[in-house]
Amino acid sequence: MTEVRYNWTKEEITEIYNTPLLDLIYRAATIHRENKDYAEVQISSLISIKTGGCPEDCAYCPQAARYNTGVDVHAIMPKEEVIEVAQRAKAGGASRLCMGAAWREVRDNRDFDKVIDMVKAVNELDMEVCCTLGMLTESQAQRLADAGLYAYNHNLDTSEEDYKRIITTRTYDERLQTLHNVRKAKISVCSGGIIGLGETVEDRISMLKTLSNLPQHPESVPINALVPVQGTPLAEQPRVSIWDMVRMIATTRIIMPKTVVRLSAGRTEMSTVEQALCFMAGANSIFAGEKLLTTPNPTFDEDMAMFELLGLTPRKAFKNGRPESKEIKEMSINAVI
Ligand code: SAM
Ligand code: DTB
Ligand code: SF4
């Protein structure tokens, strides 16, 4: 019996994070096995529907207009192209398609109408549709929900205390407000962060506290390792240690036992052995397909070979029900499993 808690303290999370490594992995793996089909891994594929030229100053991001990163700037992609990519992703084993746009926030304009059409079209392919478009108002979230949007990705990235060092063009509170708007529209929440930004362990703990103290835990928490990109202020950051990645994944698994924990950016730098440790520590989702948004990622074939080797299977779409049928029953407040 694992109690799902929403009142984790920094002290408790720190103690978990600092547990001797093998004990930590064992504890996380045990919780994972009690709560989930541990061999099932959700595969999400990313597509950048509007690339580069973003007005924000996120220090890690190759798509911020103010950094010279060589990213090709693209206006919004035609729906037909999105459908083609979605079909290829589905054939590669993906059950979810996440459409990303380099926007600060959604505006109520023609581009948003186009995104709404894309959401409807991908939904018809029987894939879970996710978007990550920046900040959303309540009515924009509702419009996406009405179009059949399954999940919305909106990362906290780091701690509230560390936020200004990484991003100055928006606040942590604005980020949390969007998560609230998404939740209100009954869209599944995907929110996590990045390690390797030069943050402290306290920052990582603080971010995990914020996520685990939300009224409902996010249904998915992506843990990204920074992909350092030339031209961004964080280009020279050293590669994050695999042990930090494992600690972060295991701690997330323990404090949010029912959440899907996604081993996200940074996998091209990880060996199969290192990724296996992350799955052991409770990761049960990946981004698959040869590109993340603008940077490389392992191919579907490489990932399928890894799944076969490790005895993992891709999770089917809508395992927790479709939003229309109000069956997103993965989590409920005070749920005890
Ligand atoms: N513009 C929207 C926003 O910021 O929410 C959506 C797209 S943005 C690229 C989505 C997420 O990608 C960011 O919140 C960040 O967590 C992640 N990301 C961006 N650049 C990254 C990098 N170089 N390494 C790891 N993760 C990165
Ligand atoms: C998330 O947490 N990671 C993804 C997705 N959500 C949108 C993005 C990773 C981006 C890595 C850098 C790039 O490819 O541009
Ligand atoms: Fe823009 Fe999102 Fe990149 Fe920040 S992370 S610069 S908001 S695309």
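Summarised in this report is the structure supplied together with it. (Residues numbered from 1 in each chain as written. Chains lettered and ligands numbered in written order. Predicted model: local features only at pLDDT ≥ 70, side-chain atom pairs only at ≥ 80, totals over all residues. Heavy atoms only, no water.)

The next point concerns the pattern of salt bridges. Considering all chains together, one arrives at 17 salt bridges under this definition. The closest approach of N and O atoms between R5 and E12, which form a salt bridge, is 2.8 Å. By relative accessible area, which is 27% here, E12 ends up partly exposed. Across the pair E56 and R170 runs a salt bridge, and its minimum N-O distance is 2.8 Å. A residue pair is termed long-range when its members are at least 10 positions apart, and E56 in the loop between β1 (40-50) and α3 (79-91) and R170 in the loop between α6 (163-166) and α7 (172-184) qualify at 114 residues. Assessed through its relative accessible area of 2%, E56 is described here as buried. The class for R170 is buried, based on a relative accessible area of 7%. Salt bridges linked by common partners bring E56, R104, E105, R107, R170 and E174 together as one network. (Salt bridge = Lys/Arg side-chain N within 4 Å of Asp/Glu carboxyl O. Buried < 20%, exposed > 50% of the residue type's maximum accessible area, 1.4 Å probe, protein only. Helix = DSSP H or I, 4+ residues; strand = E, 2+ residues; numbered from the N terminus.)

Another point: the site of ligand 2. The full set of residues close to ligand 2 is L46, P62, T132, N153, N155, P222, N224, F287, L292, L293, T294 and T295. In the environment of ligand 2, an oxygen atom lies 2.8 Å from a nitrogen or oxygen atom belonging to the side chain of N224. When ligand 2 sits alone it has 410 Å² of accessible area, and the protein chains cover 89% of it. Of the residues contributing to the shell around ligand 2, the split by class is six nonpolar, six polar and no charged. (Near = heavy atom within 4 Å. Polar contact = N/O pair within 3.5 Å; in protein donor to acceptor, adjacent residues only side chain to side chain. Areas by Shrake-Rupley, 256 points an atom, 1.4 Å probe, with all protein chains shown as cover. Nonpolar A, V, L, I, M, F, W, Y, C, P; charged D, E, K, R; others polar.)

Turning our attention to the nonpolar core. As a rule of thumb, soluble globular proteins bury nonpolar side chains together. Counting 93 residues, the largest nonpolar core has I49, Y60, M99, V115, L133, L144 and M245 as the members making the most contacts within it. Top contributing element to this core by residue count: helix α9 (residues 242-255), with eight residues. Other than its neighbours up to four places away in sequence, M245 contacts I195, I223, N224, A225, L263, A265, M270 and C278. Counting residues in hydrophobic clusters, the runner-up holds nine residues, among them C130, A265, F287 and F318. (Core = buried A, V, L, I, M, F, W, Y, C linked by side-chain atoms within 4.5 Å. Contact = heavy atoms within 4.5 Å.)

Here C190 is to be found in strand β5 (residues 188-190). Separated by 43 residues in the primary sequence, C190 and A147 place their C-alpha atoms 18 Å from one another. Residues in contact with C190, not counting those within four places in the same chain, are Y152, N153, H154, N155, S220, P222 and R262.

So, on to the packing of α9 against helix α10 (residues 272-280). Where α9 contacts α10, the two axes come as close as 8 Å, and the packing angle between them is 20°. Comparing their axes, α10 and α9 come out roughly parallel. Helix-helix and strand crossings are classified by hand; for α9 and α10 the assignment is right-handed. For the pair formed by α9 and α10, the contact residues are I242, W243, M245, V246 and I249 on the first element and E274, L277 and C278 on the second. When grouped by side-chain class, the residues that make up the contact of α9 with α10 number seven nonpolar, no polar and one charged. (Axes fitted to C-alpha atoms, helices over the stretch in contact; angles between N-to-C directions. Parallel < 35°, antiparallel > 145°, perpendicular 65-115°, else oblique. Left-handed = near helix turned anticlockwise from the far one by under 90°.)

Looking now at the site of ligand 1. Residues in contact with ligand 1 amount to 16 residues; listed here are only the nearest, Y60, N155, D157, R175 and V227. Between ligand 1 and the protein, one listed contact pairs a nitrogen atom with a backbone N or O atom of Y60 at 3.1 Å. V227 is positioned such that a nitrogen or oxygen atom in its backbone is 2.9 Å from a nitrogen atom of ligand 1. Burial of ligand 1 by the protein chains amounts to 90% of its free accessible area of 550 Å². When the residues that make up the shell around ligand 1 are grouped by side-chain class, the tally is ten nonpolar, four polar and two charged.

With that settled, consider the side chain of D57. Relative to the helices and strands, D57 is located in the loop between β1 and α3. Summary of buried charges: D57 has no salt-bridge partner, and the nearest side chain of opposite charge, R66, is 4.4 Å away. Among the polar contacts made by the side chain of D57, one reaches the side chain of T168 at a distance of 2.5 Å. If sequence neighbours within four positions are ignored, D57 has contacts with R66, Y67, I166, I167, T168 and T169. (Lys, Arg positive; Asp, Glu negative; His and termini not counted.)

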